[in-house]
Amino acid sequence: MKKMYIFAFLTTTMFLTSCMEKQRPAPTYILIPSINPLVPTYIDTNRAGWQFDSNKQSTNEVELTTIYKPITTSTKQEEKKPFLRTINSNPNPTLMKEFYNEALQIFDNKECHNRLIQLITFMNSAKTKNINENIMGKYAYDTWKQTDTDASVQVILTFGYLKNYHQKALDKKENLPKYEDISSKKSDTKIGNLLAHTLGLSSPQNSTISTYYVYDSQKANLHYPAFYELKNNVQKLNYDIHINFKVKNFIDYIYSQHEMPKNRYHGLSYDELKNECCEKASYLLTHYWDSKSHSYLYNLIHIIEAGKTLNPPKQAYDFGYDIIVKDPTFTGKTLAFLNMEHMNTSLPTRKKIGILCHLIKQYNDKNKKTPTEEQYKNHDEGQWLYIVKDSYALPDACEFSALPNSFDTTLFDKKIYAFDEFKKLEDNLSILRRASDEHVEECIQQIYPPKK
């Protein structure tokens with residue numbers, strides 16, 4: 001009987017459990033925050049033991065079930081690259097002063113080649129700090145204008161030579177020499193006991209040998225020609241060249257602005273131009289060469305240029321012919337009378353003026369610009385200082401590399417301006433001044449034959 005009760009209890013329990021399984025709802029999943037935000041986590045709310053707590057994301061008793069794992073994507077913002085550091089356009093004045101003082105020491109040191117190597121090394125590093133030879137030349141120029149010392153003039157020219165050296169070294173692929181590369185080893189025996197040495201006696205004081213290096217110009221010229229030229233130019237500043245007013249005028253010229261002057265004879269009549277021509281030419285033919293001579297020769301060229309603008313145009317031949325065969329106007333005679341040292345109205349003088357007009361015609365036939373007086377004088381000064389090179393002799397060289405970048409190098413270009421031609425005109429004028437009347441007459445017959 002007892003077995004019957006147990007069997008009935010088990011049967012009833014199984015039936016009730018089966019009914020409850022059929023009525024169990026479908027699982028419901030909700031998303032809860034996860035420790036890894038890239039992996040969303042879901043849990044079944046119908047599972048036993050789950051309980052939501054607003055103060056907790058999950059409990060240790062509940063096992064979290066990962067439903068899926070999405071593709072990982074970066075949520076970080078793209079890092080911004082820092083801006084490139086810009087170079088300060090204003091050079092450091094403290095550094096410039098140091099380089100200026102370093103250049104000054106070259107002239108206080110007999111072994112200036114060693115100082116030059118050090119200065120070049122400093123300048124190479126300075127270019128990363130926006131300092132170069134042009135900037136240092138201008139700095140030295142400003143210092144000179146404030147102090148007015150000859151040493152500053154030497155430094156200005158030194159940085160010009162240094163700029164020229166860097167260009168030539170670059171063209172020739174010449175490295176900066178080391179001290180021993182341009183020096184020769186010398187040794188001397190030190191005589192401590194002169195008496196023992198004189199008597200031929202031995203002395204430990206007389207056996208000391210000192211070794212030293214001296215600059216070897218042949219070695220430098222052979223292996224480092226650009227540096228050799230730089231050293232020579234700087235040494236001339238130190239010993240051979242006296243910083244006179246011509247050099248100072250040259251430096252002022254290359255560091256200042258220039259405007260080409262206008263022809264002040266434009267607008268004058270032909271008679272007025274002839275009178276001016278007679279006055280200037282007579283002075284040149286009857287006076288020794290002086291400070292006025294350059295100006296008067298320039299004026300003559302401008303006078304004849306102004307004649308070409310007349311209507312009808314007047315050429316150099318017209319000036320020469322009319323001055324020779326016709327008497328000057330009353331104004332011209334008055335100007336000649338005021339100059340009592342010569343007779344401008346004499347026929348031999350007028351004939352020489354006619355030949356001078358022909359020489360100016362030959363000068364103008366070269367079709368080059370006439371340099372101004374300052375331009376002409378400073379071009380010669382620059383050649384003397386080895387700063388302005390001959391553009392004909394060195395067509396492939398950077399003949400103006402020693403000049404500051406602010407200077408218009410075309411002002412010294414012989415292909416544009418008639419420097420050589422003007423010098424030849426001066427020489428021809430000197431020959432004309434010394435010519436006899438007989439030789440002048442022979443030339444006149446060929447240049448100005450009688451008009452038919």
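Because the structure is a prediction, the values reported are computed rather than measured.

Caption draft 1: Inspection of unusual backbone geometry at higher detail. Put simply, asparagine 311 and proline 312 share a cis peptide bond, and its omega is 5°. Along the chain, proline 312 turns up in the loop between α11 (291-307) and α12 (316-325). Although it is not a glycine, tyrosine 386 sits at a positive phi angle of roughly 60°. The topology assignment puts tyrosine 386 in the loop between α15 (373-384) and α16 (419-434).

Caption draft 2: The arrangement of the nonpolar core in detail. Leu157, Phe227, Leu230, Phe250, Ile251 and Phe412 are the most contacted members of the largest nonpolar core, which totals 93 residues. With 9 residues, the single largest contributor to this core is helix α5 (residues 150-172). Once you skip the residues sitting within four places of it in the chain, leucine 157 turns out to touch Leu237, Val247, Ile251, Leu385 and Ile387.

Caption draft 3: Just the packing of α11 against helix α14 (residues 347-364), in detail. Direction vectors running N to C along α11 and α14 enclose 80°, while the axes themselves pass 11 Å from each other. Of the possible angle classes, the one that applies to α11 and α14 is roughly perpendicular. Contact residues: Leu300, Ile301 and Ile304 in α11; Leu356, Cys357, Ile360, Tyr363 and Asn364 in α14. A breakdown of the residues in the contact of α11 with α14 according to their chemical character gives 7 nonpolar, 1 polar and no charged.

Caption draft 4: Representation of the layout of surface pockets in the model. Size it by volume and the largest pocket reaches roughly 360 Å³. Lining the largest pocket are 13 residues; nearest its centre among them are Phe245, Lys246, Lys377, Asn378 and Glu381. At the level of secondary structure, the elements contributing two or more residues to the lining of the largest pocket comprise α9 (245-254), α11 and α15. Looking at which element gives the most residues to the lining of the largest pocket, the answer is α15, with 6 residues. Taken together, the residues of the lining of the largest pocket sort by class into 3 nonpolar, 4 polar and 6 charged. Space inside the second largest pocket adds up to approximately 310 Å³. Considering the residues around the second largest pocket, the lining is formed by 15 residues, among which Met260, Pro261, His302, Thr370 and Thr372 are closest to the centre. If one sorts the elements of the lining of the second largest pocket by residue count, α11 sits on top with 5 residues. Partitioned by chemical class, the residues of the lining of the second largest pocket number 4 nonpolar, 7 polar and 4 charged.

Reading the values: rules and limits
Residues numbered from 1 in each chain as written. Predicted model: local features only at pLDDT ≥ 70, side-chain atom pairs only at ≥ 80, totals over all residues. Heavy atoms only, no water. Helix = DSSP H or I, 4+ residues; strand = E, 2+ residues; numbered from the N terminus. Core = buried A, V, L, I, M, F, W, Y, C linked by side-chain atoms within 4.5 Å. Buried < 20%, exposed > 50% of the residue type's maximum accessible area, 1.4 Å probe, protein only. Contact = heavy atoms within 4.5 Å. Axes fitted to C-alpha atoms, helices over the stretch in contact; angles between N-to-C directions. Parallel < 35°, antiparallel > 145°, perpendicular 65-115°, else oblique. Nonpolar A, V, L, I, M, F, W, Y, C, P; charged D, E, K, R; others polar. 1 Å grid on protein atoms, 1.4 Å probe; cavity = no way out; pocket = protein on both sides within 12 Å on 5 of 7 lines; lining within 4 Å. Points joined across faces, edges and corners; volume = space filled by probe spheres on them.

Functional significance is not addressed by these values, which are geometric in nature.
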